[in-house]
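Residues per chain are reported as follows:
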Amino acid sequence: MGNWIVNHGLDTFILVVWMGINIFLFVHFYLFYDLGPQFFYTRQLLGSALAWARAPAAVLNFNCMLILLPVCRNLLSLIRGSFVCCGRTMRKQLDKNLSFHKLVAYMIALMTAVHTVAHLLNVEWFINSRHGRYGFLAGNLSALEDDEDDHETFLNPVQSDSTTPTIFAFTTIAGLTGVVITLALILIITSSMEVIRRSYFEVFWYTHHLFIVFFAGLVFHGYGRIVRSQVTTDPPHNTTFCKDQPENWGKIPECPIPQFAGGFPQTWMWVIGPMVIYLCERLLRFVRYLQTVRYKKIVMHPSKVLELQLLKSGFKMDVGQYVFLNCPEISELEWHPFTMTSAPEEDFFTVHIRSAGDWTDRLIKMRRHVLVLSSPSECWGMGVDGPFGTASEDVFDYEVSMLVGAGIGVTPFASILKSIWYKFKDSNPKLRTRKIYFYWLCRETHAFEWFADLLQVLEKEMEERGMRDFLIYKLYLTGWDHTHAAQVMVNFDKDTDVITGLKQKTHYGRPNWDKEFEQVRHENPSSVVGTFLCGPPALATDLERRCVKYSDVDPRKTKFYFNKENF
């Protein structure tokens, strides 16, 4: 339990607080509409469906307020950079922004479903009450019209006997905006499924921008005011006395005709702040898009990996950060995230792009064409937004760091290792980290080639400085054939690896993580170890469990903190 608290205590606390607020809002507004005397006559028409419609609406307001904040990347970067209010533990929570964004989206979907079903029942009961199917009291309430001054004092929004649910849905503000909101939400959620997002990213990207339609409809939805409550009259209407004698309403002083009014729309008050913040976010992105980006170098590596070295005035970065790239020749609206592989000490920034979909395939094809026909300076335009912070920024805040990359997931660690080389070259006294364990898992041999040169330089640098133990790296090849196995056997006795040319030999298969964590704990007693991953969710789950398993509650012993890259 102690180990679990070390790694999951704060995020669990935040989750409990969020869920507690949702439960409180639901229960509070359910009881308010189910027991409130001002809704007594409304409940005669709608029954418990009134409370079941309004309670989810309150929860929806709260979560629609939250849904935009986790995707305000510049806001998160600003908070992350403020060490006054954002320590290491809090920064870990910022790295889970997309997970929280999805969690809030699930709550919005659930509450929308409940809210929609309840209001479908409400419309049906409004119509049935209008037709007198629910008794004399409900019929009289439905027959109420506006007062003499044409003020809207009616209770039942269905004012015509010919109204059907379909007519009501498409001829009222609440009905029409509700249909639009629901359709937009269905498209957003279905296109966000993992299989669609990975295989048809453009579908995900474009449909996700229906959030503009969603929020516009959300703001105007409440102006329909179909849920109405009783207002005070002079003389007051005594509900307890008058409910059983609607035929005397307006005839005796104790029972004036009851009057009703729709509630003031409140949704805009919940969402206006996040909407303004997000608008500023998009304006800042647009300004960055207009800034000129120049190409310094374009390199095509094996395994369909494209390296772009870019120059941008005033651009400053930190290790492990990422940028969003836009290529107008492919699409003026699509932006894709890529981790930078350059070091902050360099006067340019670099990204390595692997072929992983239509957009990256077209980009690589275009850049290959440029390499053949022209110089990098003549290349087509590129928009850059960022940089933005990630978990890898904190790597130098730990005494010991474990870096785990899978495939192209090595990119943030390329930046870190390059920065280490510069720090040693300049004898930087601020370097706090005293040991780094680096693990790279690849399926094919070609994937190692573009990164092996950097490792060779670091390997030589560490030997010359007598710091061979500072950087311990292990490369794992998870896929090979018989031809490759035979080649390895022939060259087994050589000093350098047959694949990478490094002195450290490549391992075959997957790491034994229990053995690796046990070794790190044994070699670094009483150390705080940061474990950083850029890789698939299954590996993240595995490593996170190991961090919990091998952490010691005793502050004098080794503790592991798990950090994962999220885009």
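For the protein chain, an unreviewed UniProt entry supplies the name FAD-binding FR-type domain-containing protein and the organism Astyanax mexicanus. In its Catalytic activity (unreviewed entry) section, UniProt records this for the protein chain: "NADPH + 2 O2 = 2 superoxide + NADP(+) + H(+)".

Colleague: Just checking my understanding: could you explain a nonpolar patch on the surface for this structure?
Modeller: On the surface, Ile-173, Phe-220, Tyr-223, Phe-264, Trp-268, Met-269, Ile-272 and Val-276 cluster together to form a nonpolar patch covering roughly 780 Å² of accessible area. On the secondary structure map, Tyr-223 appears in the loop between α12 (211-221) and β1 (228-231).

Colleague: Is there a simple way to think about the pattern of salt bridges in this case?
Modeller: Pairing of side chains with opposite charge becomes possible as their charged atoms draw close. In the structure shown here, the tally under the stated rule is 14 salt bridges. The shortest N-O distance in the salt bridge between Asp-385 and Arg-288 comes to 3.1 Å. Of this pair, Asp-385 sits in strand β8 (residues 383-388) while Arg-288 sits in helix α14 (residues 267-290), and the two are 97 residues apart along the sequence. Looking at Arg-288, the relative accessible area reads 17%, which means it is buried. Between Glu-523 and Lys-435 there is a salt bridge, with its nearest N and O atoms 3.3 Å apart. Of the two residues, Glu-523 sits in helix α19 (residues 513-523) while Lys-435 sits in strand β10 (residues 435-442), which places them 88 residues apart along the sequence. In this structure Glu-523 comes out as partly exposed when scored by relative accessible area, which is 33%. Each of Arg-73, Glu-281, Arg-285, Arg-288 and Asp-385 takes part in a single network of salt bridges with overlapping partners.

Colleague: I would appreciate a short explanation of the state of the cysteines in the present structure.
Modeller: Covalently bonding the sulfur atom of one cysteine to the sulfur atom of another cysteine gives a disulfide. In this structure the tally under the stated criterion is 1 disulfide. Residue pairing for Cys-242: its cysteine sulfur links by disulfide to Cys-255, the two sulfurs lying 1.9 Å apart. Between Cys-242 and Cys-255, the S-S torsion sits near -95°, and that sign places the bridge as left-handed. With Cys-242 in helix α13 (residues 239-242) and Cys-255 in the loop between α13 and β2 (259-262), this residue pair connects regions lying 13 residues apart in the sequence. For the pair formed by Cys-242 and Cys-255, the shared burial category is buried.

Colleague: Explain α19 to me, please; I cannot follow it from the model alone.
Modeller: By the burial criterion, the buried members of α19 are Trp-513, Glu-516, Phe-517 and Val-520. For α19, the buried positions fall inside an angular range of 95° around the axis, keeping them on one side. Exposed and oriented more than 90 degrees from the buried face of α19 are Lys-515 and His-522. At its buried positions, α19 is contacted by β9 (400-406), β10, β11 (471-477), β13 (528-534), α20 (537-550) and β14 (559-564).

Colleague: Help me understand the packing of α19 against α20, please; the structure alone is not making it clear to me.
Modeller: When two helices pack together, their arrangement is given by the angle between the helix axes and by the axis-to-axis distance. Put simply, α19 and α20 touch, their axes get as near as 10 Å, and they point 40° apart. Regarding the angle of α19 to α20, the classification is oblique. The interaxial crossing formed by α19 with α20 has right-handed handedness. Listed contacts from α20 to Trp-513, Asp-514, Phe-517, Glu-518 and Arg-521 of α19 are Leu-539, Asp-542, Leu-543, Arg-546, Cys-547, Lys-549 and Tyr-550.

Colleague: In this structure, what is going on with the nonpolar core? I would like to understand it.
Modeller: Counting 53 residues, the largest nonpolar core has Tyr-41, Ile-108, Leu-141, Phe-214, Phe-215 and Trp-249 as the members making the most contacts within it. Elements represented by at least two residues in this core include exactly α1 (2-35), α2 (40-46), α3 (49-66), α6 (97-130), α7 (136-143), α9 (173-191), α12 and α14. Element by element, the count of residues in this core is highest for α3, at 8 residues. When near neighbours in sequence (up to four residues on either side) are disregarded, Phe-214 contacts Cys-64, Ile-108, Ile-181, Ala-184 and Leu-185. With 27 residues, the next largest nonpolar core counts Leu-417, Ile-420, Leu-458 and Phe-470 among its residues.

Colleague: Honestly, the packing of aromatic side chains in this entry has me stumped. Any pointers?
Modeller: Ring pairs (aromatic) are described by centroid distance and by the angle formed between their planes. Overall, the coordinates contain 27 aromatic pairs when judged by the stated rule. Seen from their ring centres, Phe-40 and Tyr-41 are 5.6 Å apart, and the 65° between their planes marks the pair as edge-to-face. Centre to centre, the rings of Phe-338 and Trp-359 are 6.0 Å apart; their planes meet at 25°, and the pair counts as stacked. Remark: Trp-359 occurs in helix α15 (residues 358-373) and Phe-338 occurs in strand β6 (residues 336-339); sequence separation between them is 21 residues. Looking at Phe-338, the relative accessible area reads 11%, which means it is buried. An aromatic cluster is defined as three or more aromatic residues linked by ring pairs; in this entry it consists of Phe-29, Phe-32, Tyr-33 and Phe-39. Over the aromatic face of Phe-388 sits the side chain of Arg-73, whose NZ or CZ is 4.9 Å from the ring centroid.

Colleague: For this particular structure, what's the right way to read the UniProt feature "transmembrane region" (unreviewed entry) in the protein chain?
Modeller: Residues given the UniProt feature "transmembrane region" (unreviewed entry) here are residues 12-33, 53-72, 100-121, 167-191 and 203-223. Segment residues 53-72 splits into 70% helix and 0% strand. End C-alpha atoms: 31 Å apart. The span residues 100-121 shows a helical share of 100% and a strand share of 0%, and its end C-alpha atoms are spaced 32 Å apart.

Colleague: What am I meant to see in α6 here?
Modeller: Think of an α-helix as turning once every 3.6 residues; residues three or four places apart then point the same way. Given a rise of 1.5 Å per residue, 34 residues ought to cover 50 Å, and the 48 Å separating the end C-alpha atoms of α6 matches this to within 8%. Two residues or fewer after α6 comes Gly-132, characterised by a positive phi angle close to 75°.

Colleague: Please explain the sheet that holds strand β3 (residues 293-301) as it appears in this structure.
Modeller: What holds strands together in a sheet is hydrogen bonding between their backbones, with the strands either parallel or antiparallel. Taking strand neighbours across the sheet as the criterion, the 3 strands line up as β3-β4-β7 in an open arrangement whose pairing is antiparallel. Edge positions in the open sheet fall to β3 and β7 (349-354), since each of these has one partner strand only. The average undirected angle you get between the axes of adjacent strands in this sheet is 20°. Examined bridge by bridge, strand β4 (residues 305-312) and β7 share 6 bridges and lie antiparallel to one another. Note on β7: the bridge partner recorded for Gln-309 is Thr-350.

Colleague: Just checking my understanding: could you explain the pairing of β2 for this structure?
Modeller: Regular strands have side chains that alternate between both faces of the sheet. Alternating positions in β2 separate cleanly, Phe-260 and Gly-262 being buried on one face and Gln-259 and Ala-261 remaining unburied on the opposite face. As paired elements, β1 and β2 share 4 bridges and run antiparallel to each other. Across the sheet, Arg-228 pairs through a bridge with Gly-262, a residue of β2.

Analysis parameters
Residues numbered from 1 in each chain as written. Predicted model: local features only at pLDDT ≥ 70, side-chain atom pairs only at ≥ 80, totals over all residues. Heavy atoms only, no water. UniProt positions renumbered as here; feature names shortened; annotations may be inferred. Patch = residues over 30% accessible without salt bridge, like charges linked within 9 Å, V, L, I, M, F, W, Y side chains within 5 Å. Areas by Shrake-Rupley, 256 points an atom, 1.4 Å probe, with all protein chains shown as cover. Salt bridge = Lys/Arg side-chain N within 4 Å of Asp/Glu carboxyl O. Helix = DSSP H or I, 4+ residues; strand = E, 2+ residues; numbered from the N terminus. Buried < 20%, exposed > 50% of the residue type's maximum accessible area, 1.4 Å probe, protein only. Disulfide = S-S within 2.5 Å. Arc of directions from axis to C-beta. Contact = heavy atoms within 4.5 Å. Axes fitted to C-alpha atoms, helices over the stretch in contact; angles between N-to-C directions. Parallel < 35°, antiparallel > 145°, perpendicular 65-115°, else oblique. Left-handed = near helix turned anticlockwise from the far one by under 90°. Core = buried A, V, L, I, M, F, W, Y, C linked by side-chain atoms within 4.5 Å. Phe/Tyr/Trp six-rings, centres within 6.5 Å; stacked < 30°, edge-to-face > 60°. Lys NZ or Arg CZ within 6 Å of the ring centre and 35° of its normal. Expected span 1.5 Å × (residues − 1). Pairing = 2+ DSSP bridges.

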